[in-house]
Amino acid sequence: MSEEAHHLYRSQVEFSSDQIHEGSPATEFLQKPDRAVELDFFNDKMTFDDGAEHEIWAFETKDSGRVLPSPLLRMTEGEIFHATIHPSKRVHTVHWHGIEPDPRNDGVGHTSFEVSGEYTYQWQPERGRPGDPNFGSAGTYFYHCHVNTPLHVQMGMFGGLIVDPIVHPDYPVEPGITRRAFVDGPEYDLASETVLAAYAVDTRWHQMNHAAGLSGEDVGLDRYEPRHFYLLGGELARGPKREGPWQLKAIRANAGGGSRKPTLLRLINANNFPVHMSFTTAAGKPVAMAELIAHDGRPYRDTSSLGASPPTGAVGNPLMTSMIDFGAAERFDVLLRPPTPGQYRLTVDLYHWITGAVLATKVIPVTVT
Amino acid sequence: MTTLNVYINEGFLPMVDGALVYHRGFGNRATSVKDPAPSLTLSPQVFTAAGRLVPSRSYPLGAPLPPLGRPTPAFTDPANPGHYLVRRKYWASYFPERTLIAEAGSVVSVRVHNNLAQEHELMFVGAGSGGKHRSTGKIRPGRSVLLEFPAPPPGSYVFCDPGKRPDDPAADPVERTLGLAGALLVTNTTNKWQSAPSGPEFERQWLWILHDVDPAWARIASRGDTVDPKVTPAYPRYFTLNGRSGYQSLGISTDLSANHIREEETLMSGSARQVDVRDFSQGVTAGAGRTGQLMRAVNTGIAIHQLHFHGNHVWTVAINGKVLPRSGGTVDANGNVFLQHWEDTVEMHPLERKDCVLPVRRPPDVIDPVWNARSTPWHYPMHCHAETSQVAAGGMYPGGLVAGWTIAAPVAVPPPAAQKEAP
């Protein structure tokens, strides 16, 4: 940012409280969309599986019902995507985390505008090219409000976002049965594809108002003391069955060796703090059953040659691990490759960003058949 | 050989909201706690391989200075419409306060004067042979110690006062958090536009020093008392990048000279170019080609930060001075991946250093008509996504650890006369 595009501020509080409001700005070069969604803001109380009730702010579509995370959005590389936001009474934006459009469609209040009426975001995820590490946007992302962001994301204004790859003739799929996470990625099983979003609630934050702190008051948005830790998500083919929080109870994974392709697990850290995940047997012995195939919407590739850069798994060097450690806003795409059928466990620790102390732990059974 | 005098001082620094917070720091001159402008940071200095000590905000010495920090392109790129060819091995980079630069083959020589009432120490973490630390050891109040050592391999290093745990500088963050910290950058003299012999070439580089300020710890220390994190758990309330937060870090304050410095040393910026991450030394003419800019993050703070770039992913090339492999990647026992790869959010543990290439390319998901019609610079935020770091004193979002980067507006420069690709 520089003085060439922004006016100058005398103080931080002037900057924080003087946001760039445009009621219903126009979308430049509006195209005919291949996918379009309308996102409305709502607030509601939701009851979670630990019995706690929290005030939640989130987005909903006409068909989604009131769910948390906000409805999962999915499109294919090359498609022109439109999302029209209706913030209701307050100003909000949508930032498409990891998707990289022009600044007006990036959804950051301070570098574009905040929306009080409506705005149609427009972007087109880049097409991938087999063996090319420089192109392609297929992968796992999330979207969230970027106004008073610490508060608004914590309140629940986020949802998963998946960009599927174009189908390249050299990398076919079985329609309706398998898909690839990126253009030349390994095939995975659609029926068991699962998303997991780590989310922890500090109930004090859920009492605040929309603009808390922006006028210079100390509202303690630097003090995050989550007492409730949740693993949101589930199998994408089934989706949330009812309104309220969509909480992951168990993971089904395919055993290797049969006709079924491996299960893909899409991980999103929607916390302020990092998480540590470990795969073990039911008895707690580590099992290196997770193949990391992509991070932050980009595949892991072997880029040692100036020619083709195949995915790491395709050159006999899969990034196998029993443990994954990642901080706020990072994502991983993980293929589950369990050694044998049976019962396993995924243990997820939420830990403090300074002390490293484990604040909460969730254990999810993983059933491999 | 010339020795740099370093003074361990104390004083009060204004935070982004104007609050004065007690700090300790490594300074250029002796100042007292009551000094209205205490010397708590070292201005950038270069230890040259020829044995000179040169105060300089820019490096390589004598290289042309990019206007407002932003290199101008050499040519339009005939192969990639809307993109440019950038000058190779040409521009200097600006560096922030708290930076020491040592050329490979130089000797780092510092005489450290402890002006304070307690023992202090200056340690270059991991800068000795085999990754051992180089340190003055404890310096008693009023005393001075000379520390000299050969520059370690090219890369970035943290220097700090390790407090009670010189054996493990990560274990006691108190003196570092009070301000006794900075970064040593060892440059690769075989190619000054390459981070290490096996590292990436860059158009210019940017050093980002991340830090967290805990006013409660500062209050205790200002009284001469000892901070015990068990009694007073860390609670940072200001979050800085190169010593600034919020609107000051973004260079949009009414202090125009301060904004100017931010543009030069912190806010990454350049013309669009099409980079191939397989080869950051892609020559097109003798002096121009396609490469990105190198972001070198050093976390001297106490919190885990998450550097999130909007607009472009970054290509992570080195962690803690080690250039990552391009094949044969591994996942370590803590679940961290060691392989060059793309990220939009770069995790930075305390005392960690990472090098990432920002390609400065067309944002991949913009539609063609918008990209083709652009006539102004495109500004993108970079901010920590551990959102508790995005406020100042508990509010005033976005008043925390933020910066940004810019794709320059299109400029009229011709294509190169000869389009033959050079090695």
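The shown structure was predicted, so the numbers you read here are calculated from the model rather than taken from an experiment. (Residues numbered from 1 in each chain as written. Chains lettered and ligands numbered in written order. Predicted model: local features only at pLDDT ≥ 70, side-chain atom pairs only at ≥ 80, totals over all residues. Heavy atoms only, no water.)

(A) Quick look at the overall build of chain B. Helix and strand counts for chain B stand at five helices and 31 strands. Relative to a compact globule of 423 residues, whose C-alpha radius of gyration would be 22 Å, chain B shows 21 Å and is just as compact. Projected onto the principal axes, the alpha-carbon positions of chain B cover approximately 65 × 50 × 45 Å. Burial status across chain B gives 65% buried among its 423 residues. For chain B, long-range pairs separated by at least 24 residues make up 71% of all intrachain contacts whose partners lie at least 6 apart in sequence. (Helix = DSSP H or I, 4+ residues; strand = E, 2+ residues; numbered from the N terminus. Rg over C-alpha atoms; globule rule 2.2 N^0.38 Å. Buried < 20%, exposed > 50% of the residue type's maximum accessible area, 1.4 Å probe, protein only. Contact = heavy atoms within 4.5 Å.)

(B) A look at the sheet that holds strand E6 (residues 81–86) of chain A. All names here are of chain A. Taking strand neighbours across the sheet as the criterion, the four strands line up as E3-E2-E6-E9 in an open arrangement whose pairing is mixed. Of all the strands in the sheet, just strand E3 (53–60) and strand E9 (119–123) have a single pairing partner and so form its edges. In this sheet, adjacent strand axes meet at a mean angle of 25° when their direction is disregarded. Bridge count between strand E2 (residues 35–47) and E3: eight bridges; the pairing is antiparallel. (Pairing = 2+ DSSP bridges. Axes fitted to C-alpha atoms, helices over the stretch in contact; angles between N-to-C directions.)

(C) Representation of helix H2 (residues 215–222) of chain B in the model. Residue and element names in this part refer to chain B. Among the residues making up H2, those that are buried are Pro215, Trp217, Ala218, Ile220 and Ala221. Where H2 is buried, its residues contact strand E2 (20–27), helix H1 (174–177), strand E16 (205–213) and strand E17 (238–241). At the N-terminal boundary of H2, the capping side chain belongs to Asp214, with an oxygen 2.9 Å from the backbone nitrogen of Ala216. Looking at the residues trailing H2, positive phi occurs at Gly224, about 85°. (Polar contact = N/O pair within 3.5 Å; in protein donor to acceptor, adjacent residues only side chain to side chain.)

(D) Geometry of a nonpolar patch on the surface. A contiguous nonpolar surface patch, about 250 Å² in accessible area, is contributed by Phe12(B), Leu20(B) and Val33(B). Inspection of the secondary structure puts Val33(B) in the loop between E2 and strand E3 (45–47). (Patch = residues over 30% accessible without salt bridge, like charges linked within 9 Å, V, L, I, M, F, W, Y side chains within 5 Å. Areas by Shrake-Rupley, 256 points an atom, 1.4 Å probe, with all protein chains shown as cover. Salt bridge = Lys/Arg side-chain N within 4 Å of Asp/Glu carboxyl O.)

(E) Spatial organisation of the pattern of salt bridges. Residues and elements named next belong to chain A. All chains considered together, the criterion is met by 40 salt bridges over all chains. Asp49 serves as the salt-bridge partner of Lys249, at 3.0 Å between the closest nitrogen and oxygen. With a gap of 200 residues between them, Lys249 in the loop between strand E16 (244–245) and strand E17 (251–253) and Asp49 in the loop between E2 and E3 connect regions that are remote in the sequence. In this structure Asp49 comes out as partly exposed when scored by relative accessible area, which is 41%. Put simply, Arg238 and Glu235 hold a salt bridge, and the shortest N to O gap is 3.1 Å.

(F) Layout of the packing of aromatic side chains. Taken as a whole and judged by the stated rule, the model has 25 aromatic pairs over all chains. Here the aromatic rings of Phe158(A) and Tyr199(A) are separated by 5.3 Å at their centres, their planes lie at 55°, and the arrangement is tilted. With Phe158(A) in strand E11 (residues 158–164) and Tyr199(A) in strand E14 (residues 194–201), this residue pair connects regions lying 41 residues apart in the sequence. With respect to class, Phe158(A) is no different from Tyr199(A); both count as buried. Between the aromatic rings of Phe124(B) and Phe149(B), the centroid separation amounts to 5.1 Å while the plane-to-plane angle is 55°, which identifies the pairing as tilted. You can see Phe124(B) sitting in strand E11 (residues 123–124) and its partner Phe149(B) sitting in strand E13 (residues 144–150), a full 25 residues away along the chain. For the pair Phe124(B) and Phe149(B), one class covers both residues: buried. A cation sits over an aromatic face here: Arg87(B) above Tyr90(B), 4.7 Å from the ring centre. (Phe/Tyr/Trp six-rings, centres within 6.5 Å; stacked < 30°, edge-to-face > 60°. Lys NZ or Arg CZ within 6 Å of the ring centre and 35° of its normal.)

(G) Region of interest: the pairing of strand E26 (residues 358–368) of chain A. All names here are of chain A. Alignment of E17 against E26, held across three bridges, turns out to be parallel. Bridging across to E26, Arg252 finds its partner in Thr367. The pairing of strand E25 (residues 342–351) with E26 spans 10 bridges and is classified as antiparallel. Looking across to E26, one finds that Val348 is bridged to Lys362. Hairpin geometry of E25 and E26 is characterised by an intervening segment of six residues between the two adjacent antiparallel strands and by a positive phi of about 80° at Gly356.

(H) Seen up close, the interface of chain B and chain A. Contacts between the two partners involve 85 residues from chain B and, on the opposite side, 94 residues from chain A. Regarding the contact of chain B and chain A, the summed buried area is about 7300 Å², with carbon and sulfur atoms giving 57% of it. Looking at the side of chain B facing chain A, the largest losses of area belong to Arg278(B), Asp365(B) and Tyr397(B), adding up to 12% of the total buried there. At the boundary of chain B with chain A, the tally comes to five salt bridges. With its nearest N and O atoms 2.7 Å apart, the salt bridge here joins Arg331(A) to Asp344(B). In this assembly, chain B and chain A are joined by 50 residue pairs in polar contact (both at pLDDT 80 or more). Residue assignment for the side of chain B that touches chain A shows that the elements contributing at least two residues are helix H3 (246–249), helix H4 (256–265), strand E22 (305–309), strand E25 (330–331), strand E27 (341–343), strand E28 (345–348), helix H5 (368–373) and strand E30 (378–384) of chain B. Per element, the largest residue contribution to the side of chain B that touches chain A is five residues, and it comes from E30(B). Its residues placed into classes, the side of chain B that touches chain A shows 39 nonpolar, 33 polar and 13 charged. (Buried area = accessible area lost by both parts, 1.4 Å probe. Nonpolar A, V, L, I, M, F, W, Y, C, P; charged D, E, K, R; others polar.)

(I) Representation of the sheet that holds strand E7 (residues 84–87) of chain B within the structure. Residue and element names in this part refer to chain B. In space, the four strands of this open sheet follow the order E6-E7-E20-E19, with antiparallel pairing throughout. Looking at strand neighbours, the two that pair on one side only are strand E6 (75–76) and strand E19 (282–283), the edges of this open sheet. Here E7 pairs with strand E20 (residues 288–290) via two bridges, running antiparallel. Bridging across to E20, Val86 finds its partner in Gly289.

(J) Highlighting unusual backbone geometry. For the bond from Leu68(A) to Pro69(A), the omega torsion is 0°, close enough to zero to count as cis. In this structure, Pro69(A) sits in the loop between strand E4 (67–68) and strand E5 (70–76). Following Tyr397(B), the chain continues into Pro398(B) via a peptide bond in cis, with omega recorded as -5°. Secondary-structure assignment places Pro398(B) in the loop between E30 and strand E31 (402–407). The phi torsion at Ala329(A) lies on the positive side, around 75°, for a residue other than glycine. Along the chain, the position of Ala329(A) falls in the loop between strand E23 (323–326) and strand E24 (331–336).

(K) Examining the nonpolar core more closely. The biggest cluster of nonpolar side chains holds 108 residues, and the ones touching the most others in it are Trp96(A), Ile324(A), Trp208(B) and Leu307(B). The residues contacting Ile324(A), other than those within four sequence positions of it, are Leu267(A), Val275(A), His276(A), Met277(A), Phe279(A), Ala290(A), Leu292(A), Phe332(A), Val334(A) and Gly335(B). Residues Leu53(B), Ala102(B), Leu147(B) and Leu180(B) belong to the second largest nonpolar core, which totals 25 residues. (Core = buried A, V, L, I, M, F, W, Y, C linked by side-chain atoms within 4.5 Å.)

(L) Representation of the environment of Thr232(B) in the model. All names here are of chain B. Looking at where Thr232 falls in the secondary structure, it is placed in the loop between H2 and E17. The spatial distance from the C-alpha of Thr232 to the C-alpha of Trp217 is 7.5 Å, given a sequence separation of 15 residues. With sequence-adjacent residues up to four places away left out, Thr232 is seen in contact with Ala216, Trp217 and Ile220.

(M) Molecular detail of the environment of Gly270(B). Residues and elements named next belong to chain B. Take Gly270: it is sitting in strand E18 (residues 268–270). We classify Gly270 as buried; its relative accessible area is 0%. Residues Gly270 and Ala92 lie 178 residues apart in sequence; the distance between their C-alpha atoms is 13 Å. With residues up to four places along the chain from it excluded, the contact list for Gly270 reads Arg70, Pro71, Gln293, Val360, Thr406, Ile407 and Ala408.

(N) Geometry of H4(B). Every buried residue of H4(B) is listed here: Asn259(B), Arg262(B), Glu263(B), Glu264(B) and Glu265(B). In this fold, the buried residues of H4(B) make contact with strand E8 (93–94), E16, E17 and H3 of chain B.

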